[in-house]
Amino acid sequence: MGYRKLFYASNALLLAGFAWAFLKDHNAEWKPYQSNFNRMTAGELDKRAAAEPDPQKAAALRVQAADWRRRPLEIKQIIVGGLDRYDRCITCHAGMDEYSNPTLKTPFAENPYKGHPKIDEALAKAHPFTKFGCTVCHQGQGLATTAEAAHGWVKHWERPMLKGTHIQASCVKCHGDFETLRGAEAAALGKKVFERQGCQGCHAINGVGGAVSVDLGDIADKPLERIAGYNFKRVRIDGKELPEESWNIQNWILGHLTNDPAEVTPNDPMARYNAEPIAPSAMPDFRQEISRREADAVTAYLSGLTKEELIPSRWYVPGPRPREPRFADAAAHGRYVFRKYGCQGCHGLDAKVGRRRFNALGPGQNKLADGATEEALMAEMEKGLEPTLPDVVGTYTHEELVKKIENGVPLAAMDLFHPKGPVPAMYMPPWKDKISKAELDDLSTWLLSIAKKDDSGF
Ligand code: HEC
Ligand code: HEC
Ligand code: HEC
Ligand code: HEC
Ligand code: HEC
């Protein structure tokens, strides 16, 4: 090919490129939304002008309407200095642009033409959008100008727009006072449910709580690649599998509460890891104790736990110092201590029935004959439970019980149902450095007060 031909060919290519870029921009998804908004707003102003008895006021409204019709279409963005965010949401959600619409109200009932809800509850007043932008609360992709990408419903976008009550995760990020904050009721409920169920017995939050499983203090930051893809395929929400664009941390948390975790993270007791069999997730199945609404609340709460550099101190509202309630007697305080440290996470609500513990030797298991199939052994292993404390604490003196709780029981000291099966992932953590002596005394007093009395008269 001669140089001249190459020159023509490359010019033609360049032109085609320009034409494509021009058309693509011309057909940009956001443009019809913005022009509709301008046209609809102009229409409203004309309607008001027609109903206006004062001719001078009517004329002014018509001028405003004409002004809206002439507005050039443009990409609009809110730059949030200090948070390093560029939010273009108002390019489509034009009624939420505080510059052109300071009241943030519109007469339109559809997104993206709606005004912003809850302004009357001081939401926008306390967080002017010109200063906060949108994604600090909503997540999503600030820079994107297509709805799908902006809302973050795309594969591998780590911070998809928070749906429904999950948006209250954002309140948790900035408000140390979220437990009493207007508008953060779901997140506050989530924290209550977390503590009620004893999640803190296994999961610390920023080092406070049990160290049996992962610290959830930065669960919102967990990269999806650290959650094996095949596990998401096992998650069911409202009985349905999740489409790949909904594989996100909110659904991972929710999925742990709306499924049996042993099915979400089954591992494989028949497989081997470093030559050892692996037990399935030791996290209890909470479906009988946590309603769907509460599961969403816990998700809102946990999704706000982040180490994101999002929150320089000037965006953060500190909370009150926690206060310990007062109790009538030692036993009542002991029951509170039991809940506070999450003993119920393993020993059951109010210590009534121990929770599942894979391959632990316990009551209710059938001895199996030699040569029983692996399947039969598995089924029996699954019946293992954590101790039901009222059945066992009667054999302890007060001091022995305090010692037992202080020292815990390491994995190596456990009795297995099936010697070749996996070692139960759960053990009794030592509480020595976590619970004060005074608390331990009262805890022991309460546990002894609920000990089952032996019928035989001893
Ligand atoms: C290209 C236009 C466009 C952009 C950009 C855009 N949106 Fe939207 N948004 C829409 C449309 C259209 C709807 C209504 C249909 C829907 O829900 O997808 C909507 C709906 C919503 C809803 C309601 C969702 C629901 O399920 O009820 C929220 C919240 C929202 N957008 C927030 C945002 C935020 C935050 C941003 C910026 C990160 C943003 N949007 C950027 C077009 C856009
Ligand atoms: C301080 C936090 C906060 C900020 C900042 C914020 N929002 Fe919201 N937004 C909320 C809350 C809370 C809701 C209500 C959620 C609910 O109760 O359903 C909401 C609701 C919405 C909805 C859904 C409206 C509906 O009823 O369908 C849209 C759309 C939306 N916001 C867009 C935006 C856009 C665009 C911005 C930026 C200009 C923005 N928001 C800034 C907290 C915020
Ligand atoms: C980026 C951080 C940030 C996020 C996210 C955020 N807030 Fe705020 N909020 C603030 C700051 C800072 C103030 C204090 C404003 C002031 O005192 O001038 C405030 C003030 C408030 C106030 C008024 C003061 C009060 O304590 O009564 C309310 C109500 C409020 N926020 C509710 C919410 C709710 C609900 C959410 C979640 C939907 C939320 N905020 C999300 C930073 C944030
Ligand atoms: C008996 C101990 C135990 C209790 C109690 C417990 N968990 Fe777990 N949890 C685990 C273990 C072990 C894992 C890791 C295996 C898995 O993913 O299921 C886990 C995993 C998780 C994960 C996924 C973490 C990640 O990084 O992938 C979340 C979220 C979670 N738990 C939330 C909760 C909540 C909420 C509660 C209380 C309602 C709770 N857990 C109670 C043991 C426990
Ligand atoms: C991560 C799960 C877990 C948590 C949280 C936990 N325990 Fe345990 N606990 C166990 C296991 C497993 C055993 C049984 C060890 C064995 O097989 O000997 C046990 C044993 C005990 C025993 C001895 C029971 C017996 O059979 O003699 C007492 C008492 C006890 N726990 C009290 C507590 C108290 C009080 C708390 C809260 C401060 C607590 N546990 C928190 C898992 C847990």
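Residues numbered from 1 in each chain as written. Chains lettered and ligands numbered in written order. Predicted model: local features only at pLDDT ≥ 70, side-chain atom pairs only at ≥ 80, totals over all residues. Heavy atoms only, no water.

Novice: Looking at this model, I keep getting lost on the environment of Leu305. Mind explaining?
Specialist: Its location among the elements puts Leu305 in the loop between helix 13 (292-302) and helix 14 (330-340). Residue classification places Leu305 among the buried positions, given a relative accessible area of 11%. Between the C-alpha atom of Leu305 and that of Asp218, which follows or precedes it by 87 residues, the distance is 5.2 Å. For Leu305, the residues in contact, after removing those within four places along its chain, are Val172, Ile205, Leu216, Gly217, Asp218, Ile219 and Ala220. (Helix = DSSP H or I, 4+ residues; strand = E, 2+ residues; numbered from the N terminus. Buried < 20%, exposed > 50% of the residue type's maximum accessible area, 1.4 Å probe, protein only. Contact = heavy atoms within 4.5 Å.)

Novice: For this particular structure, what's the right way to read the coordination of the iron atom of ligand 5?
Specialist: Reference values for coordination geometry: four tetrahedral donors around a metal ideally subtend 109.5 degrees, six octahedral donors ideally subtend 90 or 180 degrees. In the first shell of the iron atom of ligand 5, the protein supplies His347 (NE2) and Met428 (SD), at 2.0 to 2.1 Å from the metal. Taken together, the 6 donor atoms coordinating the iron atom of ligand 5 span angles of 87 to 179 degrees at the metal, a pattern that classifies the geometry as octahedral. Highlighted residues: His347 in helix 15 (residues 344-347) and Met428 in the loop between helix 18 (398-407) and helix 19 (437-449), separated in sequence by 81 residues. (Donors = N, O, S within 2.8 Å, 3.2 Å for Na, K, Ca; no water. Tetrahedral: all angles 85-135°; square planar, octahedral: opposite > 155°, others 65-115°.)

Novice: Whenever I open this one, the packing of aromatic side chains confuses me. Can you help?
Specialist: Here the distance between the centres and the angle between the planes together describe a pair of aromatic rings. If you walk through the whole model with that rule in mind, you get 10 aromatic pairs. The structure contains a cluster of three or more aromatic residues connected by ring pairs, namely Phe37, Trp68 and Phe108. The ring of Trp68 has Arg71 lying over it, and the distance from NZ or CZ to the ring centre is 3.7 Å. The residue whose ring lies beneath Lys163 is Trp153, and the NZ or CZ to ring-centre distance is 4.7 Å. (Phe/Tyr/Trp six-rings, centres within 6.5 Å; stacked < 30°, edge-to-face > 60°. Lys NZ or Arg CZ within 6 Å of the ring centre and 35° of its normal.)

Novice: Any chance you could explain the nonpolar core here in plain terms?
Specialist: One recurring pattern in soluble globular proteins is that nonpolar side chains are buried together. Judged by nonpolar contacts, the single largest core of 32 residues is most densely connected at Phe232, Tyr301 and Leu302. Those elements that place two or more of their residues in this core are helix 8 (169-174), helix 9 (185-197), helix 11 (249-258) and helix 13. Per element, the largest residue contribution to this core is 5 residues, and it comes from helix 11. Setting aside residues no more than four positions away along its own chain, Phe232 makes contact with Leu224, Ile227, Leu242, Trp247, Asn248, Asn251 and Trp252. Ala331, Val337, Val409 and Leu447 belong to the second-largest nonpolar core, a separate cluster that totals 21 residues. (Core = buried A, V, L, I, M, F, W, Y, C linked by side-chain atoms within 4.5 Å.)

Novice: So what exactly am I meant to see when it comes to the coordination of the iron atom of ligand 3 here?
Specialist: Around the iron atom of ligand 3, the protein supplies His127 (NE2) and His175 (NE2) as donor atoms, at distances of 1.9 to 2.0 Å. Considering all 6 donor atoms around the iron atom of ligand 3, angles at the metal cover 89 to 179 degrees and the coordination shape is octahedral. Residue His127 is found in the loop between helix 4 (123-126) and helix 5 (129-132), and its partner His175 is found in the loop between helix 8 and helix 9; the two are separated by 48 residues along the sequence.

Novice: I'm lost on helix 14 in this one. Help?
Specialist: One turn of the α-helix equals 3.6 residues, which is why residues spaced by three or four share an orientation. For helix 14, the complete set of buried residues consists of Ala331, His333, Gly334, Val337 and Phe338. Each buried residue of helix 14 lies within a common arc of 155 degrees when the element is viewed along its axis, so the set occupies one face. On its buried side, helix 14 packs onto helix 15, helix 17 (389-392) and helix 19. The positive-phi residue at the C-terminal boundary of helix 14 is Gly342, with phi of around 80 degrees. (Arc of directions from axis to C-beta.)

Novice: Explain the packing of helix 11 against helix 13 to me, please; I cannot follow it from the model alone.
Specialist: Helix-helix packing is characterised by the crossing angle of the two axes and by the distance between the axes. Running from N to C, helix 11 and helix 13 point in directions that differ by 140 degrees, and their axes come no closer than 9 Å. Viewed along their axes, helix 11 and helix 13 form a crossing whose handedness is right-handed. Residues Gln250, Ile253, Leu254, Leu257 and Thr258 of helix 11 touch helix 13, and the partners they reach there are Arg292, Ala295, Asp296, Val298, Thr299 and Leu302. Of the residues contributing to the contact of helix 11 with helix 13, the split by class is 6 nonpolar, 3 polar and 2 charged. (Axes fitted to C-alpha atoms, helices over the stretch in contact; angles between N-to-C directions. Left-handed = near helix turned anticlockwise from the far one by under 90°. Nonpolar A, V, L, I, M, F, W, Y, C, P; charged D, E, K, R; others polar.)

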